[in-house]
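Fold and contact review
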Amino acid sequence: MHPVLARRWRPRTFEQVLGQTHALKALTNALKTERLHHAYLFTGTRGVGKTTIARIFAKSLNCEQGITPTPCDQCSACVSINEGRFVDLIEVDAASRTKVEDTRDLLDNVQYAPTQGRFKVYLIDEVHMLSNHSFNALLKTLEEPPPHVKFLLATTDPQRLPVTVLSRCLQFHLKAMPAIQIANYLASQLDREQTAYDPAALQVLAQAAQGSVRDALSLLDQALSFTDGTLKTADVHSMLGTLEHDVLYRILDALIAHDAGALFAISRELAQRAVDYIAVLADLISLLHRIAVIQKVPDHIRAEDQDEQYEALLRIAQQLKPADVQLYYQLALVGRRDLPLVPQMADGFEMILLRMLAFRPLSAPAQAIEPIVAAPKIQPLEPIAIKQFSAATEAPLEVTAKLPESKKRIPDEFNWCEVITALNITGPVLHLAQQCALQSFKENELVLQLESKQAALLSERIQQRLEGALKEYLAQPIRLTIITSSSPLETPASIKQQENKAAQQKALEDFQQDPLTEQFTRLFDAQIDADAIRGV
């Protein structure tokens, strides 16, 4: 009976470890020069080699041939460590021993010399699971350990470790492995065992492992049970619930052709195959990323990235607009996040594809939808001469009001709407002015009309403030009179309301006539909410 691949192929020397060159170089040099620290912390995601490297390091410390980065793997100490029965290698799963009593029991024997080896090594896995009291109990020993004790700590979440513990350890962060490196590793192991395989199948497994070598080996173990002698790509896709890349290319081709029927057919085909839609979107996101890279930095594509998919991706990259690639990427990303919320994942996936089709701008319209219509700009007021009459001669006398450059003067025909925009008024004073209509302006007396239903706006204090603003603007004495009227008036407020209504109607008409709007309403059987359209 064979053990699982993750155990059977577990590295026994530093040379067999996949990647992690930065950590292995430091550990190797420390062993060569025997400049050893008392505590080492290995961090990184699952399955990247934290406990494996720690065990090899323990073997290097206790090999009967001496402290060495290349343990013999033949002596009793090396064999015992490989088989998990070395007395002086104490492995602890902190996830199951979180109590302070467990930690104290563990550390009670720290003071005693090793029984079999050169060092007593404590390998504490998932050390972040220890309680605060347990860390406090461990801290004293980490601070002043006996010379014959070494601590090897491993965790996937170093942020949860107290700073006092982190500061007493040499820390090595182990990186997730690139998919191409994992695929090559799986290929070399299968070649050694003379197992036939499709190279593309290993690529799919490596992508699914997400940087974890152990996950890749576990998936490979599972995939080999599907085979009848050869590891096939179709079997791997069937096991993982993912898609062959040619189906993803068909989706992209349908989007390029703006073919809703083809997308609908592909969606129904996938529903029959009961695929993992989240995994399918992950693969689509990965392809779109590669397409974007090919479009933007073609000269920086590495040789190892130019696999059998490269030509197909290059063809699509030449047909898709970069803006469309970014749009599809974002829609797939958001859709993958929201997919677990829908009642039926097949329907949710279908909607994501239809969104990609619907939100992609058509090439025909010259402009995108612009429901906001700009109002005509008010022309600046021109300086004019104010006509006054002499009481003696009744003859008109031309007098030019001398105002600061920052002030505007009234136009030839006193336009109350334009004057309001020039006055320095806000709040209730502005509101009153907007509800008034001009009746007359002569002999320094300005008469305004206010509808009776707005009479509540009028008060002596507000009228005085409006009169003062007019005097400041016109730079001459003004007497303001406001009378009420029972008839409807054409006020600045009513004029503005009419302009907004006309602008909204124009915006609605433009929106309805846009070809993209027509496509939206036809595709989704939608109706336009006229109240949601605004004109400015």
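Presented here is an overview of the structure given in this document. Bear in mind that the values here come from a model prediction, so they are computed numbers and not experimental data. (Residues numbered from 1 in each chain as written. Predicted model: local features only at pLDDT ≥ 70, side-chain atom pairs only at ≥ 80, totals over all residues. Heavy atoms only, no water.)

So, the overall build of the protein
The secondary structure content of the protein amounts to 22 helices and 12 strands. Within the span of the protein, comprising 536 residues, buried residues form 42% of the whole. Considering only contacts in the protein between residues 6 or more positions apart, those separated by 24 or more positions represent 73%. A total of about 29,500 Å² of accessible surface is found on the protein, and carbon and sulfur atoms cover 50% of it. (Helix = DSSP H or I, 4+ residues; strand = E, 2+ residues; numbered from the N terminus. Buried < 20%, exposed > 50% of the residue type's maximum accessible area, 1.4 Å probe, protein only. Contact = heavy atoms within 4.5 Å. Areas by Shrake-Rupley, 256 points an atom, 1.4 Å probe, with all protein chains shown as cover.)

Points about the pairing of strand S4 (residues 149-155)
By the criterion of burial, S4 is predominantly enclosed, with seven of the seven residues buried. Covered by surrounding structure in S4 are Val-149, Phe-151, Leu-153 and Thr-155 together with Lys-150, Leu-152 and Ala-154, the residues of both alternating faces. Taken together, the five bridges between strand S1 (residues 39-43) and S4 define a ladder with parallel strand orientation. Looking across to S4, one finds that Phe-42 is bridged to Ala-154. When strand S3 (residues 120-125) meets S4, the two strands line up parallel, connected through five bridges. Bridge pairing in S4 places Tyr-122 opposite Phe-151. Viewed along the sheet, the connection from S3 through helix H6 (residues 132-143) into S4 turns out right-handed. (Pairing = 2+ DSSP bridges. Right-handed = clockwise from strand over helix to strand, strands pointing away.)

Things to note about helix H2 (residues 21-33)
The terminal C-alpha atoms of H2 lie 18 Å apart, and with 13 residues this matches the ideal 18 Å at 1.5 Å per residue to within 8%. Taken as a whole, H2 has its buried residues at Ala-23, Leu-24, Leu-27, Thr-28, Ala-30 and Leu-31. Seen from one end, H2 has its buried residues packed into an arc of 165°, which puts them on one side. Exposed side of H2, more than 90 degrees from the buried face: Thr-21, Lys-25, Lys-32 and Thr-33 are the residues found there. Buried residues along H2 sit against S1, helix H3 (50-62) and strand S5 (170-173). (Expected span 1.5 Å × (residues − 1). Arc of directions from axis to C-beta.)

Describing the state of the cysteines
For the coordinates displayed, the defined rule picks out zero disulfides. Cysteine Cys-75 shares no disulfide, and the gap to the nearest cysteine sulfur, in Cys-78, comes to 3.4 Å. (Disulfide = S-S within 2.5 Å.)

Some words on the packing of helix H14 (residues 277-296) against helix H17 (residues 345-359)
Direction vectors running N to C along H14 and H17 enclose 25°, while the axes themselves pass 10 Å from each other. When the axes of H14 and H17 are compared, the pair comes out roughly parallel. Packed against H14, whose contacting residues are Tyr-277, Ile-278, Val-280, Leu-281 and Leu-284, the element H17 presents Met-345, Ala-346, Phe-349, Ile-352 and Met-356 at the interface. (Axes fitted to C-alpha atoms, helices over the stretch in contact; angles between N-to-C directions. Parallel < 35°, antiparallel > 145°, perpendicular 65-115°, else oblique.)

As for the sheet that holds strand S2 (residues 89-93)
The strand order across the open sheet built from five strands is S2-S3-S4-S1-S5, with neighbouring strands paired in parallel fashion. Each edge of the open sheet is held by one strand with a lone partner, namely S2 and S5. The average undirected angle you get between the axes of adjacent strands in this sheet is 15°.

Side note on a nonpolar patch on the surface
Taken together, the side chains of Met-351, Leu-523 and Phe-524 present a nonpolar region at the surface, about 230 Å² in accessible area. Here Met-351 is to be found in helix H17. (Patch = residues over 30% accessible without salt bridge, like charges linked within 9 Å, V, L, I, M, F, W, Y side chains within 5 Å. Salt bridge = Lys/Arg side-chain N within 4 Å of Asp/Glu carboxyl O.)

Some points on the sheet that holds strand S12 (residues 479-485)
One open sheet holds the three strands; their spatial order is S10-S11-S12, and the pairing between them is mixed. Both outer strands of the open sheet, strand S10 (436-442) and S12, are each paired with one neighbouring strand and no more. Adjacent strand axes in the sheet meet at a mean angle of 25°, parallel and antiparallel pairs treated alike.

What to know about the nonpolar core
Grouped together as the largest cluster of nonpolar side chains are 38 residues, with contacts concentrated most on Ile-251, Leu-255, Leu-270, Phe-349 and Met-356. Only helix H12 (245-257), helix H13 (260-273), H14, helix H15 (310-319), helix H16 (322-338) and H17 provide two or more residues apiece to this core. Looking at this core element by element, the count peaks at 10 residues for H14. (Core = buried A, V, L, I, M, F, W, Y, C linked by side-chain atoms within 4.5 Å.)

Things to note about the pattern of salt bridges
Taken as a whole and judged by the stated rule, the model has 16 salt bridges. Of the charged contacts, one joins Lys-453 and Glu-451 as a salt bridge, the two residues approaching to 3.6 Å between their closest N and O atoms. Here the salt bridges share partners, and the residues they tie into one network are Arg-250, Glu-269 and Arg-273.

Remarks on the side chain of Thr-68
Within the secondary structure, Thr-68 sits in the loop between H3 and helix H4 (76-83). In this structure Thr-68 touches Leu-31, Ser-60 and Cys-63, once residues within four positions along its chain are discounted.

Brief notes about the packing of aromatic side chains
What the rule picks out here adds up to five aromatic pairs. When the centroid spacing of 6.3 Å and the interplanar angle of 15° are considered together, the rings of Tyr-40 and Phe-172 count as stacked. Note that Tyr-40 is positioned in strand S1 and Phe-172 in strand S5, a separation of 132 residues in sequence. In terms of burial, Tyr-40 and Phe-172 fall into one category: buried. Considering the side-chain rings of Tyr-277 and Phe-349, the 5.1 Å spacing of their centres and the 35° angle between planes classify their relative orientation as tilted. Separated by 72 residues along the polypeptide, Tyr-277 in helix H14 and Phe-349 in helix H17 bring together distant segments of the chain. By the ring-pair criterion, three or more aromatic residues cluster together here, those being Tyr-40, Phe-42, Phe-57 and Phe-172. (Phe/Tyr/Trp six-rings, centres within 6.5 Å; stacked < 30°, edge-to-face > 60°.)

Here's the deal with the environment of Asp-221
As for its placement among the helices and strands, Asp-221 is situated in helix H10 (residues 213-224). Under the relative-accessibility criterion, Asp-221 is labelled partly exposed at 27%. Between the alpha carbons of Asp-221 and Val-4 there is a distance of 7.0 Å; along the sequence they are 217 residues apart. Those residues in contact with Asp-221 that lie beyond four places of it in its chain are Val-4 and Leu-5.

With respect to the packing of H14 against H16
How two helices pack is summed up by the angle between their axes together with the distance between the axes. At a minimum axis distance of 9 Å, the contact between H14 and H16 shows a crossing angle of 155°. By the criterion of interaxial angle, the relationship of H14 to H16 is roughly antiparallel. Of the two elements, H14 crosses H16, and the hand of that crossing is left-handed. For the pair H14 and H16, the contacting residues are Ile-278, Leu-281, Ala-282, Ile-285, Leu-288, His-289, Ile-291, Ala-292, Gln-295 and Lys-296 in the first and Pro-322, Val-325, Gln-326, Tyr-328, Tyr-329, Ala-332, Leu-333, Gly-335 and Arg-336 in the second. Of the residues that constitute the contact of H14 with H16, the class distribution is 13 nonpolar, four polar and two charged. (Left-handed = near helix turned anticlockwise from the far one by under 90°. Nonpolar A, V, L, I, M, F, W, Y, C, P; charged D, E, K, R; others polar.)

Overview of unusual backbone geometry
With a phi angle near 55°, His-258 is a residue other than glycine that sits in the positive phi range. Mapped onto the elements of the fold, His-258 is located in the loop between H12 and H13.

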